[in-house]
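Each chain, written out:
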Amino acid sequence: MVKSGISNVENRHQALGLSAEQVLGMYRDMLLARKVDERTWLLNRAGKIPFVLSCQGQEAAQVGAAYALDKSKDFLCPYYRDIGLVISFGMTARDLMLNSFAKAEDPNSGGRQMPGHFGGKKYRILSGSSPVTTQVPHAVGLALAGRMEGKEQVVFASFGEGSSNQGDFHEGANFAGVFKLPVIFFCENNKYAISVPFSKQVACHSIAERAAGYGFPGFSVDGSDPLEVYRVMKEAVDRARRGEGPTLIEARCFRFTSHSSDDDDRHYRPKGEVEEEKKQDPLPLFYRYLRTTGVLTDEIEKEIQDWVAREVDEATEYAESAPAPAPEDTLKHVYAE
């Protein structure tokens with residue numbers, strides 16, 4: 001979308017093999033995810049959409065991970081906060097708004113699923129469901145199927161740290177470890193499982209430590225830094241493609257909002273915690289990096305900001321006026337046409 005006038009200077013993204021256009025794409029996708037998220041909160045408070053599950057604070061982890069994957073052959077098994085991830089794999093603001101408004105054109109489920117239940121064959125995104133962590137064994141199955149068919153695909157499964165306590169995670173990780181399957185387990189640790197803090201969820205210091213029990217590597221990474229997430233993810237992807245098995249990556253994030261639009265985090269978060277954590281907001285951090293390296297100029301910044309604002313406005317207007325699903329289509333694709 002944009003071109004950069006960056007000079008030939010040494011910097012972190014160049015050392016990782018990323019071009020100026022790629023890191024600008026990362027910034028654009030992170031910003032679009034944030035603005036779509038912010039708009040859905042406004043629409044919810046206005047009574048126009050029923051439910052919001054926010055990605056605010058987790059965009060860098062999601063986008064950094066997505067850019068290490070191959071959109072033409074890899075698969076996503078995301079969880080409900082992964083707006084940045086699915087945007088990087090091709091979903092548009094319109095797709096996400098149609099999902100939020102539960103309209104007939106919603107590419108995820110035709111308006112049947114709740115917001116945040118992503119899915120789409122053309123995007124190589126496996127449909128999710130409301131019970132948390134059920135996507136993990138499905139991802140392992142996809143990885144096994146790919147191996148049996150002789151494909152080079154890597155499967156990415158993401159989940160929150162609370163979900164890593166579910167049996168689905170442990171069974172999937174054990175099976176993938178035994179058979180050295182090309183799957184990446186990506187934990188977005190935002191410090192709260194709804195209202196339960198990390199210290200009351202697990203006895204270990206890091207979710208990444210759990211990988212040792214299943215015989216594959218585990219890494220804990222700063223989830224506010226998309227380039228560091230990309231670096232660790234790229235190593236995991238390369239390892240999986242070489243047939244060396246799975247990797248568990250814990251991206252340490254923070255959730256800037258309540259668990260959902262039906263939750264009030266003032267009941268369980270210490271006063272001032274959110275404001276303190278926002279000092280590590282990934283968007284301004286990455287913005288400053290791009291400005292410092294000369295990748296993001298005033299002209300490019302205006303172009304990105306204008307494009308994102310236009311995308312969100314047009315998506316909202318379109319989705320709000322789009323037709324609702326027909327009642328007679330309720331059971332379509334459930335059992336058969």
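Residues numbered from 1 in each chain as written. Predicted model: local features only at pLDDT ≥ 70, side-chain atom pairs only at ≥ 80, totals over all residues. Heavy atoms only, no water.

Enquirer: How do you make sense of the overall build of the protein chain when you look at a structure like this?
Expert: Counting secondary structure elements, the protein chain contains 11 helices and 7 strands. Computed over the C-alpha atoms, the radius of gyration of the protein chain is 19 Å, within 12% of the 20 Å expected from 2.2 N^0.38 for a compact globule of 337 residues. Projected onto its principal axes, the C-alpha coordinates of the protein chain cover approximately 55 × 50 × 45 Å. Only carbon and sulfur atoms are counted for the fraction: they give 52% of the accessible area of the protein chain, which is about 15,100 Å². (Helix = DSSP H or I, 4+ residues; strand = E, 2+ residues; numbered from the N terminus. Rg over C-alpha atoms; globule rule 2.2 N^0.38 Å. Areas by Shrake-Rupley, 256 points an atom, 1.4 Å probe, with all protein chains shown as cover.)

Enquirer: Even after reading the chapter, I still don't get the environment of Arg 239, so can you show me in this structure?
Expert: By the element assignment, Arg 239 lies in helix α8 (residues 226-241). Given the relative accessible area of 17%, Arg 239 is considered buried. As a C-alpha pair, Arg 239 and Val 154 span 85 residues in sequence and 10.0 Å in three-dimensional space. The contacts of Arg 239, once residues within four sequence positions are left out, are Pro 217, Glu 244, Gly 245, Pro 246 and Thr 247. Within the structure, Arg 239 has its side chain in polar contact with the backbone oxygen of Glu 244 (distance 2.9 Å). (Buried < 20%, exposed > 50% of the residue type's maximum accessible area, 1.4 Å probe, protein only. Contact = heavy atoms within 4.5 Å. Polar contact = N/O pair within 3.5 Å; in protein donor to acceptor, adjacent residues only side chain to side chain.)

Enquirer: What am I meant to see in the pattern of salt bridges here?
Expert: Pairing between side chains of opposite charge can happen when their charged atoms approach one another. Scanning all chains against the criterion turns up 22 salt bridges. Across the pair Glu 235 and Arg 231 runs a salt bridge, and its minimum N-O distance is 3.2 Å. Residue Glu 235 and its partner Arg 231 are located together in helix α8, separated by 4 residues, close to a single helical turn. Its relative accessible area of 41% is what places Glu 235 among the partly exposed residues. (Salt bridge = Lys/Arg side-chain N within 4 Å of Asp/Glu carboxyl O.)

Enquirer: Any chance you could explain unusual backbone geometry here in plain terms?
Expert: Keep in mind that most residues, glycine aside, have a negative phi and that most peptide bonds are trans. Although it is not a glycine, Arg 124 adopts a positive phi angle of roughly 60°. Examined against the element boundaries, Arg 124 turns out to sit in the loop between α5 (93-100) and α6 (135-148). The backbone of Ile 194 sits at a positive phi, close to 55°, despite the residue not being glycine. Its location among the elements puts Ile 194 in the loop between β4 (192-193) and β5 (196-197). The exposure class assigned to Ile 194 is partly exposed, which follows from its relative accessible area of 44%.

Enquirer: Where do I start with helix α2 (residues 20-45) in this structure?
Expert: Given 3.6 residues per helical turn, the α-helix brings residues three or four places apart onto the same face. Between its first and last C-alpha atoms α2 spans 38 Å; for 26 residues at 1.5 Å apiece the expected length is 38 Å, and the two agree. In terms of residue burial, α2 counts as a mostly covered element, since 19 of its 26 residues are buried. Of the residues flanking the end of α2, it is Gly 47, one or two places downstream, whose phi is positive at about 80°. (Expected span 1.5 Å × (residues − 1).)

Enquirer: Help me understand the nonpolar core, please; the structure alone is not making it clear to me.
Expert: Across soluble globular proteins, you tend to see nonpolar side chains buried next to one another. Membership of the largest hydrophobic core comes to 68 residues, with the highest contact counts inside it found for Met 26, Phe 156, Phe 186, Met 233 and Phe 286. Sequence-distant contacts of Met 233, that is, excluding residues within four places in its chain, are made with Ala 65, Ala 68, Leu 69, Phe 156, Ile 184, Phe 186 and Ile 249. (Core = buried A, V, L, I, M, F, W, Y, C linked by side-chain atoms within 4.5 Å.)

Enquirer: Any chance you could explain the packing of α2 against helix α3 (residues 59-66) here in plain terms?
Expert: Geometrically, a packed helix pair is captured by the angle between its two axes and the distance between the axes. Between α2 and α3, the least distance of the axes is 9 Å, while the angle of their chain directions is 135°. One finds that α2 runs oblique with respect to α3. As for how α2 packs across α3, the hand of that crossing is right-handed. Along its contact with α2, which presents Met 26, Asp 29, Met 30, Ala 33 and Arg 34, the element α3 presents Glu 59, Ala 60, Val 63 and Gly 64. In the contact of α2 with α3, the residues fall into 5 nonpolar, 1 polar and 3 charged. (Axes fitted to C-alpha atoms, helices over the stretch in contact; angles between N-to-C directions. Parallel < 35°, antiparallel > 145°, perpendicular 65-115°, else oblique. Left-handed = near helix turned anticlockwise from the far one by under 90°. Nonpolar A, V, L, I, M, F, W, Y, C, P; charged D, E, K, R; others polar.)

Enquirer: Could you clarify how one ought to interpret the side chain of Ser 164 in this entry?
Expert: Mapped onto the elements of the fold, Ser 164 is located in the loop between β2 (155-160) and α7 (167-179). Assessed through its relative accessible area of 0%, Ser 164 is described here as buried. Those residues in contact with Ser 164 that sit more than four places away from it in its chain are Phe 159, Phe 169, His 170, Ile 207 and Arg 210.

Enquirer: Explanation requested: the sheet that holds strand β1 (residues 75-77) in the structure shown.
Expert: Backbone-to-backbone hydrogen bonds pair the strands of a sheet. The strands run either parallel or antiparallel. Pairing within the open sheet is parallel, and its 5 strands lie in the order β1-β2-β3-β7-β6. In this open sheet, the two edge strands, each paired with only one partner strand, are β1 and β6 (218-222). When strand polarity is set aside, the average angle formed by the axes of neighbouring strands in this sheet is 20°. Summarising the sheet, β1 and β2 pair through 3 bridges and their orientation is parallel. By the bridge assignment, Cys 77 is partnered in β2 with Ala 157. The sheet strands contacting α7 are β2, β3 (183-189) and β7 (247-252), and the helix crosses β3 at an angle near 145°. (Pairing = 2+ DSSP bridges.)

Enquirer: What's the story with the side chain of Asp 37 in this structure? I'm lost.
Expert: Within the secondary structure, Asp 37 sits in helix α2. Buried charge Asp 37 goes without a salt bridge, the closest partner of opposite sign being Arg 34 at 6.7 Å. Among the polar contacts listed, one links the side chain of Asp 37 to the backbone nitrogen of Cys 55, at a separation of 2.6 Å. Excluding anything up to four places from it in sequence, Asp 37 contacts Leu 53, Ser 54, Cys 55, Gln 56 and Ile 83. (Lys, Arg positive; Asp, Glu negative; His and termini not counted.)

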